[in-house]
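Chain by chain, the residues:
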Amino acid sequence: MKQDFNSFGRIHRQKRNSLPFERFNMSPETMGGNDGGLLPFGNGRSYGDSCHNDQGLLIAMRDHARIIDFDHNNGILEAASGITLEEIIPAIAPSGFFLAVTPGTKFVTLGGAIANDVHGKNHHLRGTFGCHVESLQLLRSDGQIYLCSSSENEALFRATIGGMGLTGIIISARIRLMKTGSLDIIEKITPFNNLEHYFDIAEANDAENEYAVAWLDQLASGKKTGRGVLIAGNHADNGNFTVKKRGFLPSVPFEMPFSMLNCFSLTAFNYAYFKAKSGNSAPHLTGMDSFFYPLDGVKHWNRLYGRAGLFQHQSVIPFETARKGIASLLQAASEAGQASFLTVLKRFGSISSPGILSFPRAGYTLTLDFPNKGIKTLQLLDRLDAITIDSGGRVNPYKDHHMSAACFEQGFAQWQTLETLRDPAFCSDFWYRTALAGHN
């Protein structure tokens with residue numbers, strides 16, 4: 001069966017061979033004709049090609065979604081891997097629990113959150129999603145289901161967290177949740193005049209808050225280069241655990257023939273956003289959705305980037321080189337005349353993930369989104385990759401659709417460990433393009 005299982009970046013769009021997990025087994029009949037390998041596919045929120053396997057078969061996991069068990073006293077949840085965070089939150093909230101780590105969208109699956117070892121606005125305190133996985137069940141191509149944890153099949157456990165679906169199919173997982181006083185957040189917004197100002201206040205801000213993230217006006221120049229707002233928050237203690245049901249969501253109704261996001265439209269948007277946020281700097285109560293998942297409030301917002309799709313570039317630069325490295329990344333985008341709609345800067349802490357290929361490391365992470373303008377954008381991505389590596393950093397493979405094999409290997413010295421533990425029947429376009437390029 002061929003379906004439109006495209007990545008969220010929508011760079012290479014086509015119908016892809018797929019089979020629902022509930023109809024899948026590791027029989028020779030299923031495996032036959034799939035020399036390109038298998039790959040599980042969640043809810044299509046990955047930006048790059050780590051969720052594609054155009055030479056093989058995608059195993060659609062979304063319908064494999066249910067809660068298996070929930071320990072209300074200790075906050076341990078066990079669920080099938082196709083369930084989304086949006087479906088998990090209403091089940092755990094009445095007991096006073098929330099996800100210990102959540103990315104910027106609740107529409108990712110549990111299996112996808114583990115396979116991409118997602119991070120959130122509180123990495124400095126909680127690490128990555130994988131830090132809170134107690135155990136998982138993994139189906140391999142030998143037909144066996146392996147129980148993996150820090151004490152059982154540990155090597156597979158560490159390879160599967162952040163392993164991009166290459167070690168097999170995550171059937172289910174047990175995760176530790178976080179006890180909170182409310183789903184609501186007490187939000188505080190601190191404007192900063194330029195990039196240096198941000199670096200001067202970021203560490204102290206992290207020490208005082210559970211969550212912190214900065215939005216940058218990537219188009220600001222001169223003395224205002226890198227200006228933005230630092231958005232921090234902590235859970236309130238008002239006991240509100242009501243999860244609003246998803247009602248009507250505004251939507252980008254159709255695919256734009258060209259990108260609506262350009263230097264002119266974004267200059268106006270950035271100015272208005274900066275002024276609006278700067279005027280609301282006193283601590284105030286805000287809801288879970290507006291704080292964690294603002295873009296989930298608009299369906300198909302990625303269509304704004306036009307038919308050619310979008311590239312997201314996320315890098316992490318160590319603390320000692322971050323001031324210069326982040327500034328160089330912003331300068332490169334400016335010199336290329338490329339406007340980033342979402343420019344986000346966060347501070348990672350020193351908590352290590354159990355995942356051997358996890359992206360975060362101690363330092364600062366910058367995320368940039370660019371409409372795909374062909375060779376011009378590809379040349380900019382090459383430049384951003386080079387700056388990142390020269391700064392001692394690395395590029396996020398889970399969001400990548402472009403990096404070279406050399407860039408990947410320089411950023412992730414342990415990639416060969418994952419290769420030795422990769423299920424031989426599983427592969428992805430990303431892995432073919434990077435890890436396996438020139439090694440077969």
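Look above for the structure.
The rules behind each value
- Residues numbered from 1 in each chain as written.
- Predicted model: local features only at pLDDT ≥ 70, side-chain atom pairs only at ≥ 80, totals over all residues.
- Heavy atoms only, no water.
- Helix = DSSP H or I, 4+ residues; strand = E, 2+ residues; numbered from the N terminus.
- Rg over C-alpha atoms; globule rule 2.2 N^0.38 Å.
- Buried < 20%, exposed > 50% of the residue type's maximum accessible area, 1.4 Å probe, protein only.
- Areas by Shrake-Rupley, 256 points an atom, 1.4 Å probe, with all protein chains shown as cover.
- Lys, Arg positive; Asp, Glu negative; His and termini not counted.
- Charge placed at Lys NZ, Arg CZ, Asp CG, Glu CD.
- Pairing = 2+ DSSP bridges.
- Contact = heavy atoms within 4.5 Å.
- Axes fitted to C-alpha atoms, helices over the stretch in contact; angles between N-to-C directions.
- Left-handed = near helix turned anticlockwise from the far one by under 90°.
- Nonpolar A, V, L, I, M, F, W, Y, C, P; charged D, E, K, R; others polar.
- Core = buried A, V, L, I, M, F, W, Y, C linked by side-chain atoms within 4.5 Å.
- Salt bridge = Lys/Arg side-chain N within 4 Å of Asp/Glu carboxyl O.
- Parallel < 35°, antiparallel > 145°, perpendicular 65-115°, else oblique.
- Arc of directions from axis to C-beta.
- Expected span 1.5 Å × (residues − 1).
- Disulfide = S-S within 2.5 Å.

(A) Representation of the overall build of the protein within the structure. Broken down by element type, the protein carries 13 helices and 19 strands. The C-alpha radius of gyration computed for the protein amounts to 21 Å, which stays within 12% of the reference 22 Å derived for 440 residues, consistent with globular compactness. Here the C-alpha coordinates of the protein stretch approximately 65 × 50 × 45 Å along the principal axes. Each of the 440 residues in the protein was classed as buried or not, and the buried ones make up 58%. Accessible area for the protein stands at about 18000 Å²; split by element, carbon and sulfur atoms hold 51% of it. Counting 41 positive and 41 negative side-chain charges, the protein places the averaged centre of each group 7 Å from the other.

(B) How the structure looks around the sheet that holds strand 12 (residues 185-192). Ordered by their spatial adjacency, eight strands build an open sheet running 15-12-14-13-17-18-16-19, and the pairing between neighbours is antiparallel. Each having just a single partner strand, strand 15 (284-286) and strand 19 (394-395) make up the two edges of the open sheet. Relative to strand 17 (residues 344-348), strand 13 (residues 211-216) runs antiparallel, the two being bridged by two bridges. Its bridge partner being in strand 17, Ala 214 is matched across the sheet by Leu 345. Sitting on the sheet, helix 9 (residues 319-335) touches strand 13, strand 16 (310-317), strand 17 and strand 18 (363-371), and the angle it makes with strand 18 is about 10°. Together, strand 16, strand 18 and strand 19 form the strand contacts of helix 10 (residues 375-390), whose direction differs from that of strand 16 by roughly 10°.

(C) View of the packing of helix 6 (residues 195-208) against helix 9. Contact pair helix 6 / helix 9: the axes reach a minimum separation of 11 Å and the direction vectors enclose 140°. Every pair of crossing elements has a handedness; the one defined by helix 6 and helix 9 is right-handed. Across the interface between the two elements, Leu 195, Glu 196, Phe 199 and Asp 200 from helix 6 touch Ala 322, Arg 323, Ile 326, Ala 327 and Leu 330 from helix 9. Class assignment for the residues of the contact of helix 6 with helix 9 results in six nonpolar, no polar and three charged.

(D) Unusual backbone geometry, seen in detail. Phi at Asn 153 is positive, roughly 50°, even though this residue is not glycine. Here Asn 153 shows up in the loop between strand 9 (145-149) and helix 5 (154-160). Look at Asn 153 and you get partly exposed, because its relative accessible area is 33%. The backbone phi angle of Met 164 is positive, close to 60°, even though this residue is not glycine. In this fold, Met 164 is placed in the loop between helix 5 and strand 10 (169-176).

(E) Spotlight on the sheet that holds strand 9. Taken together, five strands build an open sheet; the order of strands is 5-6-10-8-9 and the sheet is antiparallel. Lying at the two open borders of the sheet, with one neighbouring strand each, are strand 5 (67-71) and strand 9. This sheet shows a mean twist of 10° between the axes of neighbouring strands, independent of strand direction.

(F) Examining the nonpolar core more closely. Residues Phe 98, Ile 114, Phe 129 and Leu 136 are the most contacted members of the largest nonpolar core, which totals 45 residues. It is helix 2 (residues 85-92) that provides the largest number of residues to this core, a total of four residues. Beyond its immediate stretch of four places on either side in the chain, Ile 114 contacts Phe 129, Val 133, Leu 136, Thr 160, Ile 161, Gly 162, Ile 170 and Ala 173. Judged by nonpolar contacts, the second largest core, of 29 residues, contains Phe 5, Leu 58, Met 403 and Leu 418.

(G) Quick look at the pattern of salt bridges. In the structure shown here, the tally under the stated rule is 16 salt bridges. Put simply, Arg 62 and Glu 87 hold a salt bridge, and the shortest N to O gap is 2.7 Å. Pair noted here: Arg 62 is in the loop between strand 4 (57-60) and strand 5 and Glu 87 is in helix 2, with a separation of 25 residues, a long-range link. Ionic pairing is found between Arg 140 and Asp 423, a salt bridge with its closest N-O pair at 3.9 Å.

(H) Just the packing of helix 9 against helix 10, in detail. Look at helix 9 against helix 10: their axes get within 10 Å of each other, and the N-to-C directions meet at 170°. Between helix 9 and helix 10, the angle is such that the two are roughly antiparallel. Where helix 9 abuts helix 10, its residues Gly 325, Ser 328, Leu 329, Ala 332 and Ala 333 lie against Leu 380, Arg 383, Leu 384, Ile 387 and Thr 388.

(I) Molecular detail of helix 2. All of the buried residues in helix 2 are Leu 85, Glu 86, Ile 88, Ile 89 and Ile 92. For helix 2, the arc enclosing every buried residue in end-on projection is 160°, short of the 170-degree limit, so these residues lie on one face. Residues of helix 2 that are buried sit in contact with strand 5, strand 6 (76-80), strand 7 (97-98) and helix 8 (288-292).

(J) Representation of helix 10 within the structure. With 16 residues, helix 10 should reach 22 Å at 1.5 Å per residue; the first-to-last C-alpha distance of 22 Å fits that figure. Every buried residue of helix 10 is accounted for by Thr 377, Leu 380, Leu 381, Leu 384, Asp 385, Ile 387, Thr 388 and Ile 389. If you follow the buried residues of helix 10, they end up packed against strand 16, helix 9, strand 18, strand 19 and helix 11 (405-411). Downstream of helix 10 by one or two residues, Gly 392 has phi in the positive range, about 80°.

(K) Examining the state of the cysteines more closely. Following the criterion strictly, the structure yields zero disulfides and no others. For Cys 148, which is in no disulfide, the shortest distance to another cysteine sulfur is to Cys 131 and amounts to 17 Å. With no disulfide of its own, Cys 427 has Cys 51 as its nearest cysteine by sulfur position, at a separation of 14 Å. For Cys 427, a relative accessible area of 3% gives the class buried.

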